Amino acid sequence: AQKVTQAQTEISVVEKEDVTLDCVYETRDTTYYLFWYKQPPSGELVFLIRRNSFDEQNEISGRYSWNFQKSTSSFNFTITASQVVDSAVYFCALSEARTGANNLFFGTGTRLTVIP
Amino acid sequence: DTGVSQDPRHKITKRGQNVTFRCDPISEHNRLYWYRQTLGQGPEFLTYFQNEAQLEKSRLLSDRFSAERPKGSFSTLEIQRTEQGDSAMYLCASSLDTGTYEQYFGPGTRLTVT
């Protein structure tokens, strides 16, 4: 069975601090996809990144970076030099190729508050 | 290029009434998904369409729920005989059926059943 765990329910940081959001997943599939979405107070989920299970290269996009480690089944997300606009709920999600990547299994989310 | 749109954004209804929500996906996307999100939780998958065919339904989708995508474009989600437990945000997403499977979400319809 698939499962996504985001153990951090809420995190508060002061502006300009770095912050890492943790994500641990479970799947029996060998081919799967991992995602991060941002849900700002407006409520609309915003796609941030997708990784497939065969690509363990870390990725950096501006202040955002992602660390994918299959050995620990983790896909952590780091925001460098956080800003107030980063305040949101962040969701990690998993989809499995054997089901055609038809649906996303989401974690319960981490609420990030960046204090000015 | 417009994103996914949903209508209405908010719906308040009395228990026992029927409600219908609409989703318009990104125009070139042939996959369309419905999710439900309750307070403090991540979205939960309900159902998805490949063009006009409904190919998968979650166990969460009780008999009171029905979804359609008659021409492979917009979709409707109907809830019959609403219950207070149906109160949630109903999210629609769309994607291509090739490549990266990234799903793009609409703003959601917040349903409150009184």
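Residues numbered from 1 in each chain as written. Chains lettered and ligands numbered in written order. Predicted model: local features only at pLDDT ≥ 70, side-chain atom pairs only at ≥ 80, totals over all residues. Heavy atoms only, no water.

## Comments concerning the environment of Glu-44 of chain B
Residue and element names in this part refer to chain B.
Here is step 1: Counting through the fold element by element, Glu-44 comes out in strand S5 (residues 44-50).
Here is step 2: Taking the C-alpha atoms as reference points, Glu-44 and Leu-91, 47 residues apart in sequence, are found 9.3 Å from one another.
Here is step 3: Filtering out sequence-adjacent residues up to four positions away, Glu-44 remains in contact with Trp-34, Tyr-35, Arg-36 and Leu-60. (Helix = DSSP H or I, 4+ residues; strand = E, 2+ residues; numbered from the N terminus. Contact = heavy atoms within 4.5 Å.)

## Notes on the confidence of the model for chain A
One rule of thumb: low pLDDT means the predicted coordinates there are not for detailed reading.
Here is step 1: Of the residues in chain A, 97% reach a pLDDT of 70 or more, and the chain-wide mean stands at 92.
Here is step 2: No element of chain A has a lower mean pLDDT than strand S7 (residues 59-61) of chain A, which averages 86, and none a higher one than strand S3 (residues 19-21) of chain A, which averages 98. (pLDDT = per-residue confidence, 0-100.)

## Looking at the packing of aromatic side chains
Here is step 1: For the structure shown, the criterion picks out 23 aromatic pairs over all chains.
Here is step 2: Centroid distance Phe-47 of chain A to Tyr-104 of chain B: 5.8 Å. Interplanar angle 55 degrees. Geometry classified as tilted. Remark: Tyr-104 of chain B occurs in strand S10 (residues 104-105) and Phe-47 of chain A occurs in strand S6 (residues 46-52); the pair is interchain, linking two chains.
Here is step 3: Exposure remark for Tyr-104 of chain B: the relative accessible area of 33% places this residue in the partly exposed category.
Here is step 4: Arranged with centres 6.4 Å apart and planes meeting at 40 degrees, the rings of Phe-65 of chain B and Tyr-90 of chain B form a pair that is tilted. Highlighted residues: Phe-65 of chain B in strand S7 (residues 65-68) and Tyr-90 of chain B in strand S9 (residues 88-95), separated in sequence by 25 residues.
Here is step 5: Phe-65 of chain B gets classed as buried once you look at its relative accessible area, which sits at 7%.
Here is step 6: On the basis of relative accessible area, Tyr-90 of chain B is assigned to the buried category, the value being 0%.
Here is step 7: Here the aromatic residues Phe-35, Tyr-37, Phe-47, Phe-91 and Phe-106 of chain A together with Tyr-33, Tyr-35, Phe-45, Tyr-48, Tyr-104 and Phe-105 of chain B are joined through ring pairs into a cluster of three or more.
Here is step 8: In this structure, Arg-22 of chain B packs its charged tip against the face of Phe-74 of chain B, placed 3.9 Å from the ring centre. (Phe/Tyr/Trp six-rings, centres within 6.5 Å; stacked < 30°, edge-to-face > 60°. Buried < 20%, exposed > 50% of the residue type's maximum accessible area, 1.4 Å probe, protein only. Lys NZ or Arg CZ within 6 Å of the ring centre and 35° of its normal.)

## Here we look at the pairing of strand S9 (residues 74-79) of chain A
All names here are of chain A.
Here is step 1: Of all six residues in S9, five are buried, a share of seventy percent or more.
Here is step 2: Two strands pair when backbone bridges link them, and S3 and S9 are joined in this way by three bridges, in the antiparallel orientation. Following the sheet pairing, Val-19 is matched in S9 by Ile-79.
Here is step 3: Examined bridge by bridge, strand S8 (residues 64-69) and S9 share six bridges and lie antiparallel to one another. Counterpart to Ser-65 in the pairing with S9 is Thr-78.
Here is step 4: Hairpin geometry of S8 and S9 is characterised by an intervening segment of four residues between the two adjacent antiparallel strands and by a positive phi of about 50 degrees at Ser-73. (Pairing = 2+ DSSP bridges.)

## What to know about the interface of chain B and chain A
Here is step 1: Counting residues at the interface gives 22 residues for chain B, matched by 19 residues for chain A.
Here is step 2: In total, about 1700 Å² of surface goes out of reach between chain B and chain A, with carbon and sulfur atoms giving 52% of it.
Here is step 3: In this assembly, chain B and chain A are joined by zero salt bridges.
Here is step 4: Scanning the region where chain B abuts chain A turns up four residue pairs in polar contact (both at pLDDT 80 or more).
Here is step 5: Taken together, the elements giving at least two residues each to the side of chain B that touches chain A come down to strand S4 (31-37), S5 and S10 of chain B.
Here is step 6: Element by element, the count of residues in the side of chain B that touches chain A is highest for S4 of chain B, at four residues.
Here is step 7: For the side of chain B that touches chain A, the class distribution of residues is ten nonpolar, eight polar and four charged. (Buried area = accessible area lost by both parts, 1.4 Å probe. Salt bridge = Lys/Arg side-chain N within 4 Å of Asp/Glu carboxyl O. Polar contact = N/O pair within 3.5 Å; in protein donor to acceptor, adjacent residues only side chain to side chain. Nonpolar A, V, L, I, M, F, W, Y, C, P; charged D, E, K, R; others polar.)

## Comments concerning the pairing of strand S3 (residues 19-24) of chain B
Residue and element names in this part refer to chain B.
Here is step 1: On S3, burial follows the alternation: Val-19, Phe-21 and Cys-23 on one face are buried, whereas Thr-20, Arg-22 and Asp-24 on the facing-out side are not.
Here is step 2: Bridge analysis of strand S1 (residues 5-7) against S3 gives three bridges, and the strand direction is antiparallel. By the bridge assignment for S3, Ser-5 is matched with Asp-24.
Here is step 3: Pairing geometry for S3 and strand S8 (residues 75-79), over five bridges, is antiparallel. The residue of S8 that forms the bridge with Arg-22 is Thr-76.

## A short note on the pattern of salt bridges
Residue and element names in this part refer to chain A.
Here is step 1: This structure, assessed with the given rule, holds six salt bridges over all chains.
Here is step 2: A salt bridge links Arg-51 to Glu-59; its shortest N-O distance comes to 2.5 Å.
Here is step 3: For Arg-51, a relative accessible area of 7% translates into the label buried.
Here is step 4: The exposure class assigned to Glu-59 is partly exposed, which follows from its relative accessible area of 29%.
Here is step 5: Among the salt bridges present, the one from Arg-63 reaches Asp-86, with a minimum N-O distance of 2.8 Å. Separated by 23 residues along the polypeptide, Arg-63 in the loop between S7 and S8 and Asp-86 in the loop between S9 and strand S10 (88-96) bring together distant segments of the chain.
Here is step 6: With a relative accessible area of 1%, Asp-86 lands in the buried category.
Here is step 7: Ionic contacts of the salt-bridge type, sharing partners, join the residues Arg-51, Asp-55 and Glu-59 into one network.

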